[in-house]
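Letter by letter, the chains look like this.
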Amino acid sequence: MTICESNVAKIEAICKEFNNDKGELISVLHKAQNTFGYLPEEVQQIIAKNLNTSLAHVYGVVSFYSFFTMTPKGKYPINICMGTACYVRGAERVLDEFKEILKIKVGETTKDDKFSLSSLRCVGACGLAPVVLVGEKVYGRVTLDGVQEILDEYKEVSAAPSEY
Amino acid sequence: MDTISIKIDNKNFQVPKGSTILDAAKSVGVNIPTLCYMHLHDLNTTHKPTGCRICVVEVVGRKNLVPACATECLPGMEIKNQTIRVLNSRKTVLQLILSDHPTDCLICAKNGDCDLQSMAQKMGIRHLYYEGEQSKYIKDRSPAIRRDMDKCIGCRRCLTMCNEVQTVGALSAINRGFMSVVAPAFQMNLEDSVCTYCGQCVAVCPTAALTEIDHTVKVIRLLADPSKTVIVQTAPAVRAALGEEFGYAPGTLVTGKMTAALKDLGFNYVFDTDFAADLTIMEEGAELLDRLTRHLDGDTTVKLPLLTSCCPGWVNFFEHHFPDMKDIPSTARSPQQMFGAIAKTYFAEKIGVKREDLVVVSIMPCLAKKYECSRDEFKTDGNPDVDFVLSTRELARLIKQSGIDFDSLSPAEFDHPMGESSGAAVIFGTTGGVIEAAVRTAYEVFTKQKLHKVDFEQLRGMEWVRESTIDFNGTPIKIGIAHGLGNARKLLEEVRAGKSQYHAIEIMACPGGCIGGGGQPLHHGDSNILKARQKALYSDDKSKTIRKSHENPSIIKLYDEFLGKPMSEKAHELLHTHYFDKSNSIEITDN
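Residues numbered from 1 in each chain as written. Chains lettered and ligands numbered in written order. Predicted model: local features only at pLDDT ≥ 70, side-chain atom pairs only at ≥ 80, totals over all residues.

1. Describing the overall build of chain A
Selection criterion: Runs of H or I in DSSP of at least four residues are treated as helices and runs of E of at least two as strands, each being numbered from the N terminus. Every C-beta atom is placed from the backbone, and the number of other C-beta atoms within 10 Å of a residue's own sets its class: buried at 20 or more, exposed at 12 or fewer, partly exposed in between. Any residue pair is listed as a contact if its two C-beta atoms, each placed from the backbone, are within 7 Å.
The helix and strand tally for chain A stands at 7 helices and 5 strands. Scanning chain A from its N terminus toward the C terminus, one meets helices and strands in the order β-α-α-α-α-β-α-α-β-β-β-α. Along the longest, intermediate and shortest principal axes, the C-alpha atoms of chain A span 50 × 40 × 25 Å. Taking all 164 residues of chain A together, 29% fall into the buried category. The contacts in chain A between residues at least 6 apart in sequence include a share of 60% that link residues at least 24 apart.

2. Re the sheet that holds strand β14 (residues 269-272) of chain B
Residues and elements named next belong to chain B. The following threshold applies: Here, a strand pair is defined by DSSP locating no fewer than two bridges between the strands. What counts as an axis is a line fitted to C-alpha atoms, over the stretch in contact for a helix, and the angles between N-to-C directions run from 0 to 180 degrees.
On the basis of which strands lie adjacent, the open sheet formed by 4 strands has the order β14-β13-β16-β19 and parallel pairing. The outermost strands of the open sheet, each flanked by one partner alone, are β14 and β19 (388-391). Averaged over neighbouring strand pairs, the angle between their axes works out to 25 degrees when direction is ignored. The pairing of strand β13 (residues 229-234) with strand β16 (residues 358-364) spans 6 bridges and is parallel. Looking at the pairing, V232 lines up with V361 of β16. Its contacts with the sheet place helix α11 (residues 335-351) against β13 and β16, and it is angled at close to 155 degrees to β16.

3. Considerations on the sheet that holds strand β21 (residues 475-483) of chain B
Residue and element names in this part refer to chain B. With mixed pairing, the 4 strands of this open sheet are ordered in space as β15-β22-β21-β20. Of all strands in the sheet, those bounded by a partner on one side alone are β15 (306-307) and β20 (465-472). Bridge count between β15 and strand β22 (residues 504-508): 2 bridges; the pairing is parallel. Within β22, the position partnered with L307 by the bridge is I505.

4. Side note on helix α6 (residues 91-102) of chain A
Residue and element names in this part refer to chain A. Here is the rule we go by: Here the expected span of a helix is defined as 1.5 Å times the quantity of residues minus one. This arc is built from the directions going out from the helix axis to the C-beta atoms.
The end-to-end C-alpha distance of α6, which contains 12 residues, comes to 16 Å, matching closely the 16 Å that a straight helix rising 1.5 Å per residue would cover. Of the positions making up α6, those classed as buried are A91, V94, L95, E97, F98 and L102. Within α6, the buried residues cover an arc of 155 degrees as seen down the axis, which keeps them to one side. Just beyond α6, the residue with positive phi is K103, at close to 55 degrees.

5. Observations concerning the nonpolar core
So the rule is basically this: By convention the nonpolar core is taken to be a set of buried residues drawn from Ala, Val, Leu, Ile, Met, Phe, Trp, Tyr and Cys and joined through C-beta atoms within 7 Å.
By size, the foremost hydrophobic cluster in this structure holds 193 residues, and its most contacted members are I47(A), C158(B), L171(B), C201(B), I231(B), W314(B) and A509(B). With 9 residues, helix α9 (residues 273-296) of chain B is the largest single contributor of residues to this core. Contacts of I47(A), omitting those with residues within four sequence positions, involve I11(A), C15(A), V28(A), L29(A), A32(A) and V58(A). By size, the runner-up hydrophobic cluster in this structure holds 16 residues, among which are L95(A), F115(A), V131(A) and V147(A).

6. Brief notes about the domain arrangement of chain B
We apply this condition: The source of the domain bounds is an automatic or database domain assignment.
By the assigned domains, chain B splits into domain 1 (3-99) and domain 2 (278-332 + 422-553). Once you take the C-alpha centre of each, domain 1 of chain B and domain 2 of chain B turn out to be 41 Å apart.

7. Looking at unusual backbone geometry
Put simply, A129(A) and P130(A) share a cis peptide bond, and its omega is -5 degrees. If you trace the backbone, P130(A) turns up in the loop between β3 (115-120) and β4 (132-134). Of note, the amide linkage connecting L304(B) to P305(B) takes the cis form, showing an omega dihedral of 0 degrees. Tracing the backbone through its elements, the reader meets P305(B) in the loop between α9 and β15. We note that N175(B) has phi near 60 degrees; this positive angle belongs to a residue other than glycine. Examined against the element boundaries, N175(B) turns out to sit in the loop between β10 (172-174) and β11 (181-183).

8. Digging into the domain arrangement of chain A
For chain A, the domain assignment lists domain 1 (5-64) and domain 2 (76-163). Between the C-alpha centres of domain 1 of chain A and domain 2 of chain A there is a distance of 30 Å.

Below, the structure written as structure tokens:
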């Protein structure tokens, strides 16, 4: 496991902000994830050391809460709403279509680090059900055919990044 | 103690105020079943996760059943422990626990010694009502401990031992819901984690989720190989516990029967680790006196306190958690490894057997010993000083498999020359014993006077941390003792902070010392068993004519014929070791 010095300093600063108190583990993890986007093993190890708790305990907490993730999110994180309204209007089939096309499961990231897939509960736009979010952008009334169209939008960005 | 009146199943009882229904019931002889609760009274350890829900009882006036382990008794409380509703609820709870549990009891390592199996038997389970989804975890084999998480019932006793008592932190509950399981960080193998192999998780596991790595079959094969000379050594704590596996009361010494059984099993020589314990005192004692004399002469570079190094779980612990202090413990190898080193040199030469044809088997109360013997520094050209370690439980299985009727065995004696030992050696098996043995010898060497009273009661007991000052004829020697790695940690932190006042500290990883080792017959949460074993070792010591290690004639002869004197060059080569930094540090790059 390796980690660069400046990132170690960042984690140490976060821990210190919470007085290196092991009771604040969740807050520390939360902040660390906001900083790094995810919680790789190295980050957890440094947190464990600074909070004077075991690595197994830190990992126990990380693996318990679905909010915490150990896989880096893609450049374009895709979120499919699985709230009741979206669900009854076919969100699951939409999700399956994303899985099929991207060849990843929920919680995973494509090999080129471009897309990651997750589901969430109700974004409060039930009138648009089923709803898909890519990053901050909202897509409503998504159909199965619409899935490829959404992905294609990001294909162009990646193919010619110099234009932007 | 304040008491209150309660009723259990219409009988009146006086119970301690503030106690839970479960503890109160136990105090008046009423049994409430449980699968997760554990209370090690003498060790001040309570595990109360309210996880299994087997202990539910009815409380008159309350609508729902309550868990007895987590409900406090109140004055006048009426408890029902035997109603149909209670019994049926417990059965349903047990059925649910069984619904995802493998049913391979016939071929399970814990067959006959499993809390879940005996609970199912007691409750008369004859059908499995619910068929749940079965988990399929990869079996994890370390050099000492096997993990089969398909058999975990989520009692989490192992977590209390690993995190609270031992403060090792190798295990944690991870994931959630059905996927929740006990595992090391990132679900790595135990071998790659900070596990010390103390085996206390194994000692309290109610099922076969955590068991020892079984080497009985390998030993049986070697015993049947005519080209091998197979010798065995037995640790002090084994003789005080092996009998329990054959129905003897805890604390029954079965040294003679054990020796006879080992001879019947076909071991060519049956020796005693106690012999090597005496040898350890010669070396560790000499090291202590060397450091002490230099310290008293004003040498400020000398490292004190001297920490004992007989316990391999403890060695693993400081290598993982206190690597900055790895030059403080004694360099003396453990008795097991001293025995192996002498057996494969001095003894092999004596009987004219080549090293590779001599097999050394240890019977140990300990699982960390299984790992210890596999360490590279205890090998010569790849051949280990100790080939295999069997736990006390494995020896019992070996005896049972061979059809030996343990009860009818006539006691036999250990063989010579590595079977002779002093009373000081036999108390190595209990907390306080190693340092008492060291004091008996160190006193006489240091003061050049005869020690008449060899019993140091002030060093004995079960308290987690004990201390005492021994008068070495005008020089006060401060002794610290800790058992359980969590207590060792406390003393070690004092040493690290420069606040320690001790000259020597004895540390044993397991609660009670080796008598409570991870390889011993299971105590099922009854710490009285540990006390009985401890008493047995002290009475064994008392019954011996020779009670000081340096008076053991075989040890005197070993130095005369082979080693020269303690801490000689030869002794250093064979009987001392060095330690490693095993902290799992991560590499930090510039950018």
